[in-house]
Each structure stands twice: as C-alpha cells, then as structure tokens.
Amino acid sequence: MLANLLDPLVWSVRHAPDNKTALTLASATHFDLILTSEKTSGKEDVDLLRKIRSIRPHTRLIILTEEGTPADVIASMRERAFSYFSRPFSLSLLADMVLIAAEGPCWDDGIEVVSATPDWIRLLARCDLKTADRLIQFMHEVADLPEPESDAVAMAFREILMNAIEHGGHFRPDQYVEISYVRAKHMVMCRVKDPGEGFTLDEIQHAAIANPPDDPARHMAYRDAKGLRPGGYGVLLAQKLVDELIYDEKGSEVLLVKYLDVTPLEH
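On a predicted model such as this, the values are computed, not experimentally measured, just so you know.

Visitor: Which residues make up the packing of aromatic side chains, and what values do they have?
Guide: Throughout the structure, instances matching the rule amount to one aromatic pair. Measuring from centroid to centroid gives 5.8 Å for F85 and F89, while their planes differ by 65 degrees, and the two rings are edge-to-face. Across the pair, exposure class does not vary: F85 and F89 are buried alike. Lying over the aromatic face of F82, R134 brings its terminal NZ or CZ to 4.5 Å of the ring centre.

This is the structure:
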C-alpha cells in the first residue's frame, strides 16, 4: 500500500521487524511518518510512541493493531499519536490518513485531551478539516459500539462536527470545538460545542433542516445564490441517524443521543 501510495522519488520506506528495532532506527534517523505493525498490541505501540516522542517530539506515528482497547486509544491520544486503526479497518481510510500525515504541514497539536476514561471523554479539537478527519477516526475506535449503532453514531458525529468547524469556527485554526463523549449501559451521548455565536432556524436557510414541508429543496437555491459548496444535509442526516438531537437555546451546542439495544443476561 505504501509503495503504491507514496511517490518513490520523494519517499523512501524502511521496514523494521519489531518495535525495538523501530525505536533504534527512529533514535538515529528522523522519519516523517511511522506506522506500527498489526502484530503488536495497542499498548505496546503507545509505549513505543512515548519513547520515540521523548527523543523526537514531533514524530507522526499511526498505530495499527489487532489488539486494542478504548483505554489504549485514549492513551494514544494523550501521547499525540497521529491516528489509530484496529482490526478490522478499511485500507482506503488508512491510505487517506497516510496522505494527510504525509502531505500536511508539520503539526501535531490539533487534538487535546482535557480528561478521559473509556466511559467519559472530554476533548478540544482545532477547527480544520484534517484535524476533524483524525478525530473522527479516534472516536470510531474509542466508541467500541456494536453494529449498526457504531456506523450511525460515527456518521452523525461527523456531520455535527463538520458543521461546528465550518459554521461555528469558520475553519479558523485558532478556534477550537469542545467535544464530550459519554458511554452508559443503554446509551451513548456526544456533546459538540462550537466557538460561534449560535443560530436560529430562521438564520440557516442554507440547511435542509430549515426547509418548509412544501419546498424540500429550498436550501439548494439559497446555497447556490450565496456561492456555498453543495450540501446542507448534515443536521437532517444526523437527526435521522440518532434517537435524540438537541440544540441549546443559543444554537452553538448540540447533544446527540443514541439508545443501545442491550439484552440483559439471563440468570
């Protein structure tokens, strides 16, 4: 995958048989990007990341593992891993993440863990698209939900996060979105708070959720007239994917709630 993805005239790829060798190589030579092997656990790879970053603080490392837990994902975020993938994962999504790491500017401070346990996580995320892509992958890994709830929550979270970054933060890298994720026995809840001034339905003609029943495509004409990119279905889509979508009075803070069908164990 790496050989096909990265221009061999620009990139050279070296292989290390284990984490110990990888640490030795990284200590002696600067590498722009390091990917771990699925053969090692998430915990072992976080330990490798911690040791590498003590020597080379801005190394971008993507963890691949067959054996990981939500606690490992949280630890990787605290140590500023670039991304985290556990089996089974999509090679196309991994390829996209490698390109983001390879082609982006040298930064690694877009996601800050405020506090975290596997059941309750509080984060700050910078208002840019690449940080959003990284955060969505981390949250997919840490959620550890059954299907199809996992895909529904991930898609809804993505739509609300993108809205917060675009319309609340205006893609300004000096602005941050606040995110909380809570996992209870019978539900999951995501809270997203953007740095904007909020909105009312009268002010978001660009969104499909504001369309009147007799004109379901009105927002498309509005977006075209204003020169906005195609879209506007984010909030409406999120509303269909989760059980509760609740905005605060100001309109800058939203709760997503998904109830889980958990069958109690028989005694």
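Visitor: Which residues make up the pattern of salt bridges, and what values do they have?
Guide: Side chains bearing opposite charge may pair, as long as their charged atoms lie close to each other. All chains considered together, the criterion is met by eight salt bridges. Its salt-bridge partner being R126, residue D128 comes within 3.0 Å of it at the nearest N-O pair. The same class applies to D128 and to R126, which are both buried. Between E178 and R191 there is a salt bridge, with its nearest N and O atoms 3.4 Å apart. Of this pair, E178 sits in strand β6 (residues 176-183) while R191 is found in strand β7 (residues 187-193), placing the two residues 13 residues apart along the sequence.

Visitor: Residue-level account of the sheet that holds strand β1 (residues 33-35), with values.
Guide: Spatially, three strands are ordered β1-β2-β3 in an open sheet, and the strand pairing comes out parallel. Pairing within the sheet leaves two strands with one partner each, and these edge strands are β1 and β3 (83-86). Across the sheet, the mean angle from the axis of one strand to that of its neighbour is 10 degrees, orientation sign disregarded. Each of β1, β2 (60-65) and β3 is contacted by helix α3 (residues 42-55), which is oriented at about 165 degrees to β2, the strand it contacts most.

Visitor: Just give me the short version of the nonpolar core, but keep the residues and values in it.
Guide: Grouped together as the largest cluster of nonpolar side chains are 54 residues, with contacts concentrated most on L135, F157, L161 and L256. With nine residues, helix α7 (residues 149-168) is the largest single contributor of residues to this core. If we skip the residues at most four places from it in the chain, L256 touches A156, F157, I160, V188, M189, C190, V192, V242, E244 and L245. By size, the runner-up hydrophobic cluster in this structure holds 13 residues, among which are L6, I62, L64 and F89.

Visitor: Outline helix α5 (residues 91-103), supporting the account with residue identities and numerical values.
Guide: Here α5 is 13 residues long and its end C-alpha atoms lie 18 Å apart, about the 18 Å a rise of 1.5 Å per residue gives. Turning to α5, its buried residues are L94, A95, M97, V98, I100, A101 and A102. Of the surrounding secondary structure, the elements contacted by the buried residues of α5 are α1 (2-5), β1, β2, β3 and α6 (129-143).

Visitor: Tell me about the pairing of β7, and name the residues and values.
Guide: Bridge analysis of β6 against β7 gives six bridges, and the strand direction is antiparallel. Paired with R183 across the two strands is V188, which belongs to β7. Where β6 folds back on β7, the antiparallel hairpin that results is connected by three residues. Sheet topology note: the β7/strand β9 (residues 253-259) ladder contains seven bridges and is antiparallel. Bridging from a neighbouring strand, V188 pairs with K258 of β9.

The rules behind each value
Within any chain, residue numbers begin from 1 and follow the written order of that chain's sequence. Selection of residues for local features in this predicted model requires a pLDDT of at least 70, selection of side-chain atom pairs for listing and counting requires 80 or more, and totals for whole chains, interfaces and linings are taken over all residues. Neither water nor hydrogens contribute to the side-chain values; these are computed over all heavy atoms in the structure. Any pair of Phe, Tyr and Trp rings, taking the six-membered ring for Trp, is counted once the centres come within 6.5 Å. Such a pair is stacked with planes under 30 degrees apart, edge-to-face with planes over 60 apart, and tilted for the rest. Throughout, exposure labels follow a simple rule: accessible area from a 1.4 Å probe, protein chains only, divided by the maximum for the residue type, with under 20% read as buried, over 50% as exposed, and the rest as partly exposed. By definition here, charges over rings are those cases where NZ of Lys or CZ of Arg is within 6 Å of the ring centre and within 35 degrees of the ring normal. By convention in these notes, a salt bridge is any Lys or Arg side-chain nitrogen within 4 Å of a carboxyl oxygen on Asp or Glu. To qualify as a helix, a DSSP run of H or I must reach at least 4 residues; to qualify as a strand, a run of E must reach at least 2; elements of each kind are numbered from the N terminus. Note: two strands are recorded as paired if DSSP finds a minimum of 2 bridges between them. In this description, a line fitted to the C-alpha atoms serves as the axis of each element, helices being fitted only across the stretch in contact, and the angle between N-to-C directions of two axes falls anywhere from 0 to 180 degrees. In what follows, a contact means two residues having at least one pair of non-hydrogen atoms within 4.5 Å. Here, nonpolar core refers to any group of buried Ala, Val, Leu, Ile, Met, Phe, Trp, Tyr and Cys residues whose side-chain atoms link them within 4.5 Å. The span you would expect from a helix comes to 1.5 Å times its residue count less one.

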